Amino acid sequence: MRLILLGPPGAGKGTQAQRLVERHGIPQLSTGDMLRAAVRARSEIGRRAKAVMDAGQLVSDEIVNQIVSERIDEADCANGFILDGFPRTVPQAQALNEMLADKGLGLDAVIELKVDEAALMQRIDRRVAETIAAGGVVRADDNAAALSKRLDEYRLKTAPLSSYYAETGQLQVIDGMADMDAVTQQIEQLVAPSGR
Ligand code: AMP
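Residues numbered from 1 in each chain as written. Predicted model: local features only at pLDDT ≥ 70, side-chain atom pairs only at ≥ 80, totals over all residues. Heavy atoms only, no water.

Enquirer: Break down the environment of Val138 for me, citing the residues and quoting the values.
Expert: Summarising the element assignment, Val138 is placed in the loop between α6 (117–133) and α7 (144–158). In this structure Val138 comes out as partly exposed when scored by relative accessible area, which is 30%. For the pair formed by Val138 and Leu100, sequence separation is 38 residues and the distance between their alpha carbons is 34 Å. Setting aside residues no more than four positions away along its own chain, Val138 makes contact with Val128, Thr131 and Ile132. (Helix = DSSP H or I, 4+ residues; strand = E, 2+ residues; numbered from the N terminus. Buried < 20%, exposed > 50% of the residue type's maximum accessible area, 1.4 Å probe, protein only. Contact = heavy atoms within 4.5 Å.)

Enquirer: Pulling in residues and values, what's your account of the sheet that holds strand β5 (residues 171–175)?
Expert: Strand order in the open sheet formed by five strands is β2-β3-β1-β4-β5, and the pairing between neighbours is parallel. The open sheet has two edge strands with one neighbour each: β2 (28–30) and β5. The mean inter-strand angle of the sheet, taken between neighbouring strand axes irrespective of direction, is 25°. Running at roughly 60° to β2, helix α2 (residues 31–40) makes contact with β2 and β3 (81–84) of the sheet. (Pairing = 2+ DSSP bridges. Axes fitted to C-alpha atoms, helices over the stretch in contact; angles between N-to-C directions.)

Enquirer: Tell me about the site of the ligand, and please be specific about residues and values.
Expert: The immediate surroundings of the ligand are formed by 16 residues, with Thr31, Gln57, Gly85, Arg88 and Gln92 found nearest. Between the ligand and Arg36 there is a distance of 3.0 Å, counted from an oxygen atom to a side-chain nitrogen or oxygen. The leading source of residues in the shell around the ligand is α2, at four residues. Here the shell around the ligand is built from residues that sort into six nonpolar, five polar and five charged. (Near = heavy atom within 4 Å. Polar contact = N/O pair within 3.5 Å; in protein donor to acceptor, adjacent residues only side chain to side chain. Nonpolar A, V, L, I, M, F, W, Y, C, P; charged D, E, K, R; others polar.)

Enquirer: With reference to specific residues and values, describe the pattern of salt bridges.
Expert: The final tally for this structure, using the stated rule, is 17 salt bridges. Salt bridges sharing common partners tie together Arg127, Arg139, Asp141, Asp142 and Arg150. (Salt bridge = Lys/Arg side-chain N within 4 Å of Asp/Glu carboxyl O.)

Enquirer: Account for the pairing of strand β1 (residues 2–6), with residues named and values stated.
Expert: For β1, a buried count of five out of five residues is recorded, marking the element as mostly surrounded by other parts of the structure. Of the two faces of β1, both are covered, the one formed by Arg2, Ile4 and Leu6 as well as the one formed by Leu3 and Leu5. In this structure, β1 lies alongside β3, joined through four bridges in parallel fashion. Within β3, the position partnered with Ile4 by the bridge is Leu83. By the bridge criterion, four bridges tie β1 to strand β4 (residues 109–114) in an arrangement that is parallel. Directly across from Leu3, in β4, lies its bridge partner Ala109.

Enquirer: Please set out helix α5 (residues 90–102) residue by residue, giving values where relevant.
Expert: The end-to-end C-alpha distance of α5 is 18 Å, a good match for the 18 Å that 13 residues give at a rise of 1.5 Å each. The opening residue of α5, the one whose side-chain oxygen lies 3.0 Å from the backbone nitrogen of Gln92, is Thr89. (Expected span 1.5 Å × (residues − 1).)

Enquirer: Got a sec to walk through unusual backbone geometry? Specific residues and values, please.
Expert: In this chain, Phe86 is followed by Pro87 through a cis amide linkage whose omega measures -5°. Residue position: Pro87 is located in the loop between β3 and α5. One non-glycine residue, Arg42, lies in the positive phi region at around 55°.

Enquirer: Could you give an account of the packing of aromatic side chains, naming the residues involved and the relevant values?
Expert: One pass over the full model with this rule turns up one aromatic pair. Summarising the aromatic geometry, the rings of Tyr164 and Tyr165 are spaced 5.0 Å apart at their centres and angled 90° between planes, so their arrangement reads as edge-to-face. Residues Tyr164 and Tyr165 agree in their burial class; the two are buried. (Phe/Tyr/Trp six-rings, centres within 6.5 Å; stacked < 30°, edge-to-face > 60°.)

If you want it as structure tokens, here you go:
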């Protein structure tokens, strides 16, 4: 099963992706996580991406397309994967189509978590508080200034993906404001019937 989770920052994509991982035994491919790992490792990609990420802007399509293409060739993706945070622009969606076609693969579903923007800041504040309580490190872009930029980027560059995937007939929209378990149930209903 190959899935894309779409939705703005704080919509719950990461949480739902984790649940899909546990239930379906396929990996979550979060470009944000991969980029943060590259920043920690101080790799070439990490050095190029860090300032852009901290400012809440998007890293270049070229960088993320390459990391995704390499990642889906790995053995643990053989039975599928959940894309979380990719694609984030229409050119990335086109690149994904091409890379999947080249590899002889297709997408099973594109699921958008629709949320009320006013709730997003509160959700991010909660994520920060939970991270601190658990003794973790707060993300450099989980603050008001960067979040506002991330939302601008989302509206401008990522929201058009809804129309893109609506036109291909792959888009499924669910209510991301429902409680977490209800959202999980809605997702399972979308992905389970085929038994993939
Ligand atoms: P995320 O963890 O998905 O919220 O991503 C954190 C940051 O990583 C974003 O604000 C971007 O700077 C960068 N990023 C993650 N995925 C992408 C992507 N597909 N395209 C461009 N930048 C990305």
